[in-house]
Amino acid sequence: MQNRFASLFIAALLPLLLFRWFIPTPVGQLDFWLMWLLAMVVVGLPLLYAEIGLAHRSQKIPAKGIQELTREADTSTIWRSFVWLTVLLSLVVAGLSIDAVSANLLQATQELGLSLQVPDYALGVIMVIIAAMLSLLGGSTLVASLALIAVAFVMAAVTNISSITLIMTEPSLGEWARAVTLALVSVGVGTGLFWFNNPLVSRDPNHSAEIGRNTREIATKTVLPIWLTQLVIGSMALIFTTGSFAPITTIVYAFGVLAASAFFMHYASAQIANLFQRFGIWIATAISMVLTILLVVIANPQSLAVLLVVVSVVSALILAIFSGWQMKISHMRKSLNFSSEGVYNLWRVAIRILVPILIIVAVAGWLLS
């Protein structure tokens, strides 16, 4: 599904899936949410511009585009590791979502008198296999996943929505670390998903990017709707994730997670398929399925959430350094097509200096806390 709405659907889906793992307790800590808003502006927004800029420049899926970009920049092939980090990140998101919902699904069926006589991990494996098969449908599962998960959250809100008491606590490095992590997860930077689903990106391996570059697409027209969608849906997720799901709601949510996981596995498989010629997508889907099964069987949701943080941080740092320090100035300027040179220079300072420093400070906060 490659159109202008796909990125907005992804922007809405990620907070609903992942916010619950990183919100503070109690959730009404006003200082934390102000930090999150700051992180969204000074970390998430520049990184999102960077990913869209690379998409505009390459006009190919990340696995192919990053090869062309490193050749143009005459830089080390080590920067191509960004794509494989995005593949791992997508599979971790799929594994975390399935692993977390499988146990809840078993409990929900028991409460409805439909007990499934299988252990948690076995149900998780079955869900991964189904998601892998659904991933062969391409990106068409994205809309279904968002619709089902949104319905589940609305059902939960109707039955047990609770008010949030706002309080001020003492700011700390640990809070900043959590806010930055939430901002990275919210914007989805470092996942490659917005690059992959950009309207200018062609699936044709013989596509010439030079033809499309003459259109001079304005990056802000793509970036701001994604970013604003994250802010709005993130605020809604803050309210809705505070309640628990009824059995029927859990089942609806589980179907949404299944469809979402299929979409993330589709992205991973599309990148892996670039390594193969004949039967590439079938081999890649099998690889994605096996890797996701290993994540579900070996790790628990808490461990996968930690892995998600680690991979997100590393991926974001590579994206910032590559786009800010390795890409040619003229290439990024044309790809982003800002309204003025001053705005471009402001982004360049942010992506080269501010973003890496703030992410490193967040890592220090995680280690100290």
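About the cut-offs
- Residues numbered from 1 in each chain as written.
- Predicted model: local features only at pLDDT ≥ 70, side-chain atom pairs only at ≥ 80, totals over all residues.
- Heavy atoms only, no water.
- Helix = DSSP H or I, 4+ residues; strand = E, 2+ residues; numbered from the N terminus.
- Rg over C-alpha atoms; globule rule 2.2 N^0.38 Å.
- Buried < 20%, exposed > 50% of the residue type's maximum accessible area, 1.4 Å probe, protein only.
- Patch = residues over 30% accessible without salt bridge, like charges linked within 9 Å, V, L, I, M, F, W, Y side chains within 5 Å.
- Areas by Shrake-Rupley, 256 points an atom, 1.4 Å probe, with all protein chains shown as cover.
- Salt bridge = Lys/Arg side-chain N within 4 Å of Asp/Glu carboxyl O.
- Axes fitted to C-alpha atoms, helices over the stretch in contact; angles between N-to-C directions.
- Parallel < 35°, antiparallel > 145°, perpendicular 65-115°, else oblique.
- Left-handed = near helix turned anticlockwise from the far one by under 90°.
- Contact = heavy atoms within 4.5 Å.
- Polar contact = N/O pair within 3.5 Å; in protein donor to acceptor, adjacent residues only side chain to side chain.
- Nonpolar A, V, L, I, M, F, W, Y, C, P; charged D, E, K, R; others polar.
- Expected span 1.5 Å × (residues − 1).

Observations regarding the overall build of the chain
Part 1 of the reasoning: Looking only at helices and strands, the chain features 15 helices and 0 strands.
Part 2 of the reasoning: The C-alpha radius of gyration computed for the chain amounts to 20 Å, which stays within 12% of the reference 21 Å derived for 369 residues, consistent with globular compactness.
Part 3 of the reasoning: Reported as C-alpha extents along the three principal axes, the dimensions of the chain are approximately 65 × 55 × 35 Å.
Part 4 of the reasoning: Within the chain, buried positions represent 57% of all 369 residues.

A few points about a nonpolar patch on the surface
Part 1 of the reasoning: Among the surface-exposed residues, Y121, L136, F279, I281, W282, I283, I287, V290, L291, L294, V297 and I298 lie close enough to one another that they form a single nonpolar patch of about 1100 Å² accessible area.
Part 2 of the reasoning: Ranked by the residues each element gives to the nonpolar patch, the list is headed by helix α12 (residues 280-298), at 9 residues.
Part 3 of the reasoning: With respect to the secondary-structure elements, L136 resides in the loop between α5 (120-135) and α6 (141-160).
Part 4 of the reasoning: For L136, a relative accessible area of 37% corresponds to the partly exposed category.

Re the packing of helix α7 (residues 173-187) against helix α15 (residues 341-368)
Part 1 of the reasoning: Two elements in contact, α7 and α15, have axes separated by 7 Å at closest approach and are oriented at 125 degrees. Taken together, the axes of α7 and α15 are oblique relative to one another. α15 is crossed by α7, and the crossing has left-handed handedness. Judged by residue contacts, L173, G174, W176, A177, R178, V180 and T181 of α7 engage L358, V361, A362, G365, W366 and L368 from α15.

Let's talk about the pattern of salt bridges
Part 1 of the reasoning: Following the criterion strictly, the structure yields 3 salt bridges and no others.
Part 2 of the reasoning: Among the ionic pairs, K60 bridges to E68, the shortest N-O distance being 3.1 Å. An identical accessibility class is assigned to K60 and E68; each is buried.
Part 3 of the reasoning: The shortest N-O distance in the salt bridge between E341 and R333 comes to 3.1 Å.
Part 4 of the reasoning: Here E341 falls in the partly exposed class, since its relative accessible area comes to 39%.

Here we look at unusual backbone geometry
Part 1 of the reasoning: Unusually for a residue other than glycine, D74 sits at a positive phi of about 50 degrees.
Part 2 of the reasoning: Backbone geometry at N337 places phi at a positive 55 degrees, although glycine is not the residue there.
Part 3 of the reasoning: N337 sits in the buried class, given a relative accessible area of 17%.

Remarks on the side chain of S135
Part 1 of the reasoning: With respect to the element layout, S135 can be found in helix α5.
Part 2 of the reasoning: For S135, a relative accessible area of 5% corresponds to the buried category.
Part 3 of the reasoning: A polar atom in the side chain of S135 sits 2.5 Å from the backbone oxygen of A132.
Part 4 of the reasoning: If we skip the residues at most four places from it in the chain, S135 touches A262, M265, H266 and T285.

Quick look at the packing of helix α2 (residues 30-58) against helix α13 (residues 301-326)
Part 1 of the reasoning: For the pair α2 and α13, the least separation of the axes is 10 Å and the interaxial angle reads 65 degrees. α13 is crossed by α2, and the crossing has left-handed handedness. Across the interface between the two elements, L47, A50, E51 and L54 from α2 touch A316, L319, A320, F322 and S323 from α13.
Part 2 of the reasoning: Of the residues that constitute the contact of α2 with α13, the class distribution is 7 nonpolar, 1 polar and 1 charged.

Concerning α5
Part 1 of the reasoning: When the terminal C-alpha atoms of α5 are compared, their 22 Å separation across 16 residues agrees well with the 22 Å that a helix rising 1.5 Å per residue should span.
Part 2 of the reasoning: Taken together, the buried positions of α5 are occupied by L123, G124, V125, M127, V128, A131, A132 and S135.
Part 3 of the reasoning: Where α5 is buried, its residues meet α4 (81-111), α11 (247-272) and α12.

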